[in-house]
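The primary structure of each chain is shown beneath.
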Amino acid sequence: MIKKGGLRMLDVAGVSHSFGHKKVLSNISFRIEKGSVLGLVGVNGAGKTTIIRLAVGLIKLSEGTIRVNGYSLEDNPREYQSKIGAVLEGKQNLYPRMSVLENLKYFACLRKMKKCNIKDRIEELESDLAIKAFMNKEVYALSNGMQQKAAIACSLIHEPELIFLDEPTLGLDYEAANLIHQYLLKLRKKGKSILITSHDFNFLNNVVDSALFLEDGQIRCIQNFKDIDLENERVNYKVVISGVHHFDHDCIISKQITDNYTELILECDKNTGLSDILRIFSDEKVISLEKKETTIKDIYLNMIGEQKNAK
Ligand SMILES: Nc1ncnc2c1ncn2[C@@H]1O[C@H](COP(=O)(O)OP(=O)(O)OP(=O)(O)O)[C@@H](O)[C@H]1O
Ligand SMILES: [Mg+2]
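Keep in mind that what you see is a predicted model, and the values were worked out from it rather than measured. Starting afresh in each chain, residues are numbered from 1 along the sequence in its written order. Whichever chain is written first is A, and whichever ligand is written first is 1; the rest continue in order. Since the coordinates come from a predicted model, pLDDT governs what is reported: local features require at least 70, and pairs of side-chain atoms require 80 or more to be given and counted, while whole-chain, interface and lining totals use all residues. Computation of side-chain values covers all heavy atoms of the structure but excludes hydrogens and water.

Peer 1: Describe the nonpolar core, listing the residues and the values that go with them.
Peer 2: Counting residues in hydrophobic clusters, the biggest one holds 49 residues, and the most contacted among them are V100, L104, I196 and I296. The leading source of residues in this core is helix 6 (residues 174–189), at six residues. In this structure, I196 is in contact with V37, L38, G39, L40, L165, P168, L184, F203, L204 and V208, ignoring residues within four places of it in sequence. Throughout, nonpolar core names a set of buried Ala, Val, Leu, Ile, Met, Phe, Trp, Tyr and Cys residues whose side chains join them through atoms within 4.5 Å. Whether a residue is buried, partly exposed or exposed follows from its accessible area with a 1.4 Å probe, protein chains only, as a fraction of its type maximum: under 20%, in between, or over 50%, in that order. Only DSSP runs of H or I with at least four residues qualify as helices, and only runs of E with at least two residues qualify as strands; both kinds are numbered from the N terminus onward. Note on contacts: a residue pair qualifies if any of its non-hydrogen atoms lie within 4.5 Å across the two residues.

Peer 1: Describe the site of ligand 1, and please don't skip the residues or the numbers.
Peer 2: It suffices for a single heavy atom of a residue to lie within 4 Å of a molecule or strand for the residue to be listed as near it. For ligand 1, the set of nearby residues contains 14 residues, the closest of which are K22, G45, K48, T50 and E89. Here E167 contributes a side-chain N or O atom positioned 3.5 Å from an oxygen atom of ligand 1. The term polar contact refers here to a pair of N or O atoms within 3.5 Å; inside protein, the definition further demands a hydrogen-donor-capable atom paired with an acceptor-capable atom, and it admits residues adjacent in sequence only when both atoms are side-chain atoms. A distance of 3.0 Å separates an oxygen atom of ligand 1 from a polar atom in the side chain of H199. Computed with a 1.4 Å probe, the accessible areas rest on the Shrake-Rupley method; for each residue, only the protein chains presented here act as cover. Considered on its own, ligand 1 offers 640 Å² of accessible surface; in the complex 66% of this is hidden by protein. Those elements giving two or more residues to the shell around ligand 1 turn out to be strand 2 (22–33) and helix 1 (48–55). Counting residues per element, the shell around ligand 1 draws most heavily on helix 1, at three residues. Classes in brief: Ala, Val, Leu, Ile, Met, Phe, Trp, Tyr, Cys and Pro nonpolar; Asp, Glu, Lys and Arg charged; the others, Gly included, polar. Looking at side-chain class alone, the shell around ligand 1 contains four nonpolar, six polar and four charged residues.

Peer 1: Provide a residue-level description of the domain arrangement of the protein chain, including the pertinent values.
Peer 2: Start and end points for every domain follow an automatic or database-based domain assignment. If you check the domain split of the protein chain, you get domain 1 (8–225) and domain 2 (233–293). Here the C-alpha centroids of domain 1 and domain 2 sit 38 Å apart.

Peer 1: Any chance you could break down the packing of aromatic side chains for me, citing the residues and the numbers?
Peer 2: Under the pairing criterion, centres of Phe, Tyr and Trp rings, with the six-membered ring standing for Trp, must be within 6.5 Å; the plane angle then separates stacked pairs below 30 degrees from edge-to-face pairs above 60, leaving the rest tilted. Applying the stated rule across the entire model yields four aromatic pairs. Arranged with centres 5.1 Å apart and planes meeting at 80°, the rings of Y95 and Y106 form a pair that is edge-to-face. Of this pair, Y95 sits in the loop between strand 6 (84–87) and helix 3 (100–110) while Y106 sits in helix 3, placing them 11 residues apart in sequence. Taking relative accessible area as the criterion, Y106 reaches 33% and is therefore assigned partly exposed.

Peer 1: Which residues make up the sheet that holds strand 6, and what values do they have?
Peer 2: Should DSSP find at least two bridges between two strands, the strands are regarded as paired. Within the open sheet, the six strands sit side by side as 6-7-8-3-9-10. Their pairing is mixed. Only two strands of the sheet have a single neighbouring strand rather than two, namely strand 6 and strand 10 (218–224). If you compare each strand with its neighbour and ignore which way they point, the axes differ by 15° on average. Looking at chain direction, strand 7 (residues 162–166) and strand 8 (residues 193–197) are connected through five bridges and run parallel. The partner of L162 across the bridge, within strand 8, is S193. Sheet contacts for helix 1: strand 3 (37–41), strand 6, strand 7, strand 8 and strand 9 (210–215); angle to strand 7, the most-contacted strand, approximately 145°. Helix axes are fitted only over the stretch in contact, all axes being lines through C-alpha atoms; the angle between N-to-C directions runs from 0 to 180 degrees. Strands in contact with helix 6 are strand 3, strand 7 and strand 8; relative to strand 8, the strand with the most contacts, it is inclined by about 150°.

This is the structure in structure tokens:
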């Protein structure tokens, strides 16, 4: 779905998972084509990390299949693992009493990299992730942001084709988050495939090609953001109306009400013009009306709004 006719890097089909009696994932299927970035979006506990842990083999798959570049972990673990790299939520995989450089060398050996390539690769990561200044410091003495950058470097030392990033900018300051953002764009340019979770929607909006919205362990929708105008016969408008209104109309996909005004996002047929919209609100005082690209935040707010209404 993400890029037509591309090579499939990740293929998740019919995956369900339970912890004890609690079902946390139900019939999850999606794909990531080579060179695409997929954002995994959902509230706390929706099942995002569980999908990543299943995909990297930290939890045993009991229902469904997960293939990386055509290989399953069961049939060909070596090929599968050589293609992937993962930075997991909140937990750094680094050895705290070793320096960043020693950690990088250790992970390079673990990934069976050729000795002659290791030095160049480390230099590349030093510059891309701005970690040169603390390469010789022991990991335990580094700040959270420094550790996160070092963890990313170690996870990607072998230049994996498919990268899993679980909240990579969590707790990072603006500069560090921006650096990781820029690095992701560089990885995408290089043709890497990426699955990323984050609660930072501005960050996601800038890096993903598509987003999968997860609700209580089920796929709510998969939205393509890159080819949105070509693929969708729909167009979005943002309308701000004076006063508090509880409009109910088929085309309203999100509603935000403050003390003084009501902001609506409408999803309409692409032939709908501004005058058609103004006609819908002809009895109201329209403060502003603009054509708007759908954002991850719009869909997320709509999803959690509907969830609350259903309860
Ligand atoms: N090891 C475990 N044992 C039992 N239940 C678990 C375990 N890991 C996760 N869960 C449960 O599975 C569900 C999904 O958790 P998961 O960590 O995948 O959510 P998430 O979408 O990553 O949330 P967050 O945004 O908070 O990181 C939650 O209800 C959680 O309590
Ligand atoms: Mg999580």
